[in-house]
Amino acid sequence: MAGSSNSAPVSSIHTSSETGRLLPSATKCNSKEIDLDVSLPSPYSKSYLFELVITDKTHYRRFLYISLTLAFVVLALGLVPHFLPQNNRHHGHSKNLTLALNQAITFFDAQKSGSYPSNSPISFRGSSGLQDGNSSNIHADLVGGFYDSGNNIKFTFPAAYTITLLSWSVVEYHRKYADIGELEHIKDVIKWGSDYLLKVFVPPTAKSDPSFLYSQASLVGSAGNDTKNPVPNDINCWQRPEDMRYKRPVSVCNETASDLAGEIVAALSAASIVFKQENEYSQRLIKKAEQIYEITAKEDRIHRAITYTTIDACGGEARKFYGSSGYKDELVWAATWLFFATGNHTFLDYATTNFAAAADDETTTDKGIFYWNNKLAANAVLFTRLRFFRDLGFPYEKALGLSTNMTDQLMCSYLSKQNFNRTPGGLILLSPGTGGPLQFAATASFLSKLYNDYLTLLRRSSWNCTNDGFSLEMLQSFSTSQINYILGDNPRKMSYMVGFGDHYPTHVHHRSASIPWDGQYHSCAEGDRWLHSQDRNPNILLGAMVAGPDQFDDFSDEREKTWFTEPSIAGNAGLVAALIAHHDPPRSSASNGPNLGLDIVGIFEKVHLDS
């Protein structure tokens, strides 16, 4: 089960060179040309003179012809690959990223709750959770959404993060998605999630009434905590979601759960940009986002993180798995995405004014990590994007300059082993104190490749850090190495994405994948047999990225070891974002600059200097 994380600290913020200035290369020696003319002694003590006598000129000519022919063939074989079209050669990938993307997105089809679509590519799933919301404590329509991981719980907080991140990847790289035929697929996944998020907020019916969020998990589902008299629930019952018969309570928060509200606002706002061509739906998303934001962030409101709220029911059992460490980053994140979605500078004012406070509030263990609990690094990248390509000037210079410095330092931290350790096989360990290192490596890969693309469009070849620097080649190499590690370039030669390659986990911690789809009802007791079975999962959970190896590259493919084998929607969202960022761009491009498949202006459609 996913949970909190810790990481090594990132170096302090520094001052970088101004935007328009070309910066030196990352290496300190390549500014000088060194001409070495050195005669080295022969390693051999003697030389020999071989006298060759040609006795048959015909055989000799034949020998020359054959030798020259063989030399030509060898040379041709070496050159041919350089002229043949290769989908991934530009980025140094030997992987089929189109296939990997299709599979990684397909994982979300396996996680869908509600009325299951008949055209789904997943054959071992059906309708489930059709009574969600009709619990003893509330009566609401909470059908739909995604199951979080290998259990049958729907956690709203990480689900909202998932939709935000997937939407961001589409906003940036929709041309790539369209080129490989995956745009409608990923939009279907996003809409499945955004439709559900539209349901989880209940506005007040009168000014004196409170508003409600069906919690940080709409904990639609329960982990239970009575060990003496256990009642079947989503944790202790190993059962397919289609077979659930036990109660699924819902936890409820009010508007002071600012982190939960902020992430929902960000998700709805980012999704509204994805669906901007569907004006009615896009406006519906924006309207709901603005409603939540207005109630949550209005003046004199007492903000609380879900973890520390005084409302006992808020977050409920979800806090054991997704305990938020603060709310300021989510509110800045929400305002940033609302600004892009609406062009309303009021939201940018809030985001830039509070960005420094959010940075001060960031925990030491979260510095440099982009995941469901910390959005600050990603927000810095978004602000840097704004500064690079649509600089709005006063009064935003200070906050946007701070974000650029933070982004540069973030990239330097990825490349410097002084900040984050790596496994012997090269996987960056952003949160070594917890399991699931792949989810953090995936988002680091996404952010570094995205920033690499930004700098490429600006025609920068290198950038400065506090004590060193980095080149685009170094950044590209790092981001590619993390994706390649996940897909099989690791000491175990194992793909950590199920179904990709010849060797991948076969005992994934996942109820639907581990129980046969045989048309029979399986009770909790029957499910335990499959939980403890040594057999492979009867169903392949295509595209699921498991939690991953330990710090020594060791991995145990055992169903009960969740810290190795459990996937999550939040983790897979980072994987999808990283894969599309690394995929080759479309062959044709209308852009006059480098063809990166990146839509640099689409996010600014509603942003105007005179707003």
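Residues numbered from 1 in each chain as written. Predicted model: local features only at pLDDT ≥ 70, side-chain atom pairs only at ≥ 80, totals over all residues. Heavy atoms only, no water.

Considering the environment of P158
Selection rule: Under the scheme used here, helices are H or I runs from DSSP no shorter than 4 residues and strands are E runs no shorter than 2 residues, and both carry numbers assigned from the N terminus. Any residue under 20% of the maximum accessible area for its type is buried, any over 50% is exposed, and the rest in between are partly exposed; the area is computed with a 1.4 Å probe on protein chains only.
As for its placement among the helices and strands, P158 is situated in helix α3 (residues 156–179). Assessed through its relative accessible area of 0%, P158 is described here as buried. Distance in space between the C-alpha atoms of P158 and I569 is 7.8 Å, their sequence separation being 411 residues.

Regarding the state of the cysteines
Here is the rule we go by: Two cysteine sulfur atoms make up a disulfide if the distance between them is within 2.5 Å.
All chains considered together, the criterion is met by one disulfide. Here C237 connects covalently by a disulfide to C524, the sulfurs 1.9 Å from one another. Between C237 and C524, the S-S torsion sits near -95 degrees, and that sign places the bridge as left-handed. One end of the pair, C237, is in the loop between β2 (212–214) and β3 (252–254); the other, C524, is in helix α14 (residues 524–531), and 287 residues separate them in sequence. For C524, a relative accessible area of 21% translates into the label partly exposed.

Comments concerning the side chain of N537
Test applied: Pairs of N or O atoms are called polar contacts if they sit within 3.5 Å, as long as, within protein, a hydrogen donor faces a hydrogen acceptor (for residues adjacent in sequence, only side-chain-to-side-chain pairs). The contact definition used throughout considers only heavy atoms, calling two residues in contact when any of these lie within 4.5 Å.
Among the structural elements, N537 can be located in the loop between α14 and α15 (562–565). Polar side-chain contacts of N537 include one of 3.1 Å to the backbone oxygen of V508. When near neighbours in sequence (up to four residues on either side) are disregarded, N537 contacts T506, H507, V508, A513, S514 and R559.

Things to note about the confidence of the model for the protein chain
Our working definition: By definition, pLDDT measures how confident the predictor is in each residue, and it falls between 0 and 100.
When pLDDT is averaged across the protein chain, the result is 82; 75% of the residues are at 70 or more. Residue range residues 79–92 is modelled with pLDDT below 50. Its contacts to residues more than four positions away, or to other chains, number 22 contacts.

Let's talk about the pattern of salt bridges
Short version of the rule: Counted as salt bridges are all cases of a side-chain nitrogen of Lys or Arg within 4 Å of a carboxyl oxygen of Asp or Glu.
Under the criterion given, the structure shown has 20 salt bridges. Of the charged contacts in the structure, one is a salt bridge between E362 and K367, with a shortest N-O distance of 3.6 Å. Overall, E362 belongs to the buried group, its relative accessible area being 14%. Overall, K367 belongs to the partly exposed group, its relative accessible area being 25%. Each of the salt bridges in this network shares a partner with another, and the network as a whole consists of D132, K154, D234 and R248.

Comments concerning the packing of helix α4 (residues 183–197) against helix α5 (residues 258–274)
What counts is decided by this rule: Between the N-to-C directions of two axes lies an angle of 0 to 180 degrees, each axis being a line fitted to C-alpha atoms and, for a helix, fitted only over the stretch in contact. Any angle between 65 and 115 degrees counts as roughly perpendicular, while under 35 counts as roughly parallel, over 145 as roughly antiparallel, and the rest as oblique. Handedness of a crossing is defined here by the sense of rotation of the near helix relative to the far one, left-handed for an anticlockwise turn of less than a right angle and right-handed for a clockwise turn. Classes in brief: Ala, Val, Leu, Ile, Met, Phe, Trp, Tyr, Cys and Pro nonpolar; Asp, Glu, Lys and Arg charged; the others, Gly included, polar.
It is the contact of α4 with α5, at a shortest axis distance of 10 Å, that shows an interaxial angle of 140 degrees. Overall, the two elements α4 and α5 adopt an arrangement that is oblique. Like other packed secondary-structure pairs, α4 and α5 cross with a definite hand, here left-handed. Every residue of α5 that contacts α4 at K187, I190, S194 and L197 is listed here: I264, A267, L268, A271 and V274. When the residues that make up the contact of α4 with α5 are grouped by side-chain class, the tally is seven nonpolar, one polar and one charged.

As for the nonpolar core
Operational definition: By nonpolar core is meant a set of buried Ala, Val, Leu, Ile, Met, Phe, Trp, Tyr and Cys residues that side-chain atoms within 4.5 Å join together.
W168, W337, F340, F446 and L447 are the most contacted members of the largest nonpolar core, which totals 156 residues. Looking at this core, the element that brings in the most residues is α3, giving twelve residues. In this structure, F340 is in contact with I273, L382, L386, I603, F604, K606 and V607, ignoring residues within four places of it in sequence.

Considering the UniProt feature "active site" (unreviewed entry) in the protein chain
Heads up, the condition is: UniProt positions are given in the numbering used here, feature names are shortened, and annotations may be inferred rather than shown by experiment.
Per the UniProt entry, the sites bearing "active site" (unreviewed entry) are H509 in this numbering. In this structure, H509 sits in the loop between α12 (472–486) and α13 (511–514). Overall, the relative accessible area of 10% leaves H509 in the buried class. Once residues lying within four places of it in the same chain are set aside, the contact partners of H509 are G150, W238, R559, E560, T562, T565, E566 and P567.

Thoughts on the packing of helix α10 (residues 397–415) against α12
Contact geometry of α10 with α12 gives a least axis separation of 10 Å together with a crossing angle of 65 degrees. You can see that α10 and α12 cross each other, and the crossing is left-handed. Counted together, M411, Y414 and L415 of α10 and M474, L475 and F478 of α12 form the full contact between these two elements. In terms of residue class, the contact of α10 with α12 is built from six nonpolar, no polar and no charged.

A few points about helix α16 (residues 569–582)
Test applied: Expected span of a helix, by definition, is 1.5 Å for each gap between consecutive residues, and there is one gap fewer than residues.
Spanning 14 residues, α16 covers 20 Å between terminal C-alpha atoms, matching the ideal 20 Å at 1.5 Å per step. When you tally the buried positions in α16, you get 14 out of 14 residues, the bulk of the element.

Some thoughts on the packing of aromatic side chains
The cut-off we apply is this: We call Phe, Tyr and Trp rings a pair once their centres come within 6.5 Å, taking the six-membered ring for Trp, and we label the pair stacked below 30 degrees between planes, edge-to-face above 60, and tilted otherwise. Charges are assigned to positions over rings by a cutoff of 6 Å between ring centre and Lys NZ or Arg CZ, combined with an angular limit of 35 degrees from the ring normal.
A complete count under the given rule lists 27 aromatic pairs for this structure. Relative to Y281, the ring of F275 lies with its centre 5.4 Å away and its plane at 85 degrees, an arrangement referred to as edge-to-face. This pair shows no difference in class: F275 is buried, exactly as Y281 is. An angle of 20 degrees between the planes, with centres 6.1 Å apart, marks the rings of F388 and Y451 as stacked. With F388 in helix α9 (residues 376–389) and Y451 in helix α11 (residues 437–457), this residue pair connects regions lying 63 residues apart in the sequence. Overall, F388 belongs to the buried group, its relative accessible area being 10%. An aromatic cluster of at least three residues, connected via ring pairs, comprises Y161, W168, W333, W337, F339, F340, F370, F446 and F604. It is K112 that lies over the ring of W192; its NZ or CZ is 4.6 Å from the centre. Its end group placed over the ring of Y281, K191 keeps NZ or CZ at 4.6 Å from the ring centre.

Side note on the environment of S533
With respect to the helices and strands, the residue S533 is situated in the loop between α14 and α15. Taking relative accessible area as the criterion, S533 reaches 16% and is therefore assigned buried. Within the local environment of S533, its side chain forms a polar contact with the backbone nitrogen of D535, the two atoms lying 2.9 Å apart.

Remarks on the side chain of E330
Its location among the elements puts E330 in helix α7 (residues 328–342). Of note is the side chain of E330, whose polar atom sits 2.6 Å from the side chain of K375. Not counting residues up to four positions away in its chain, the partners in contact with E330 are F157, S258, D259, G262, E263, W372, N373 and K375.

Quick notes on unusual backbone geometry
The omega angle of the peptide bond from F394 to P395 is 5 degrees, so this bond is cis rather than trans. Mapped onto the fold, P395 is located in the loop between α9 and α10. A positive phi angle, close to 55 degrees, is found at K493, a residue other than glycine. With respect to the helices and strands, the residue K493 is situated in the loop between α12 and α13. Of note, the phi angle at D553 is positive, near 70 degrees, even though the residue is not glycine. With respect to the helices, strands and loops of the structure, D553 is situated in the loop between α14 and α15.

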